[in-house]
Amino acid sequence: MSRVLLTLTCGVADAEAIAAGLRDTLHVPVHQRAETVLGRDFDDAGTVERVAGALARIAITLDIPADQMARALDIATTTRRRLPFRWHTVAILDGGRIA
């Protein structure tokens, strides 16, 4: 079965709800990290972010089977949130755990 690394980038206030929904429904570890996005694409920005020129975002990352992608996006889409989120996937070619 092929696996993907799904990364969703969302507003700070929306991250906990999205991450909890993904964790509780898909039963996989969910990683979160804070990011500051600098650039010119401010369609997702709040007023304060537009003035500051920087977006405060949380990247939510999880390793899931490729056939669960639609379900994961549905969970994130239906979660109560304030801002839009962006997402992308990367195919996982290999992985494991070394003790």
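Residues numbered from 1 in each chain as written. Predicted model: local features only at pLDDT ≥ 70, side-chain atom pairs only at ≥ 80, totals over all residues. Heavy atoms only, no water.

Q: Pulling in residues and values, what's your account of the pairing of strand β1 (residues 3-11)?
A: Burial runs high along β1: seven of the nine residues are buried. In this structure, β1 lies alongside strand β3 (residues 54-65), joined through nine bridges in antiparallel fashion. Across the sheet, Thr 7 pairs through a bridge with Thr 61, a residue of β3. In this sheet, strand β4 (residues 86-92) lies alongside β1 in antiparallel orientation, the contact comprising seven bridges. Directly across from Val 4, in β4, lies its bridge partner Ala 91. (Buried < 20%, exposed > 50% of the residue type's maximum accessible area, 1.4 Å probe, protein only. Helix = DSSP H or I, 4+ residues; strand = E, 2+ residues; numbered from the N terminus. Pairing = 2+ DSSP bridges.)

Q: An account of the pairing of strand β2 (residues 31-38) is needed here, citing residue identities and associated values.
A: Summarising burial for β2: zero of the eight residues are buried, a small minority. With eight bridges connecting them, β2 and β3 associate as antiparallel partners. Paired with Arg 33 across the bridge in β3 is Ala 59.

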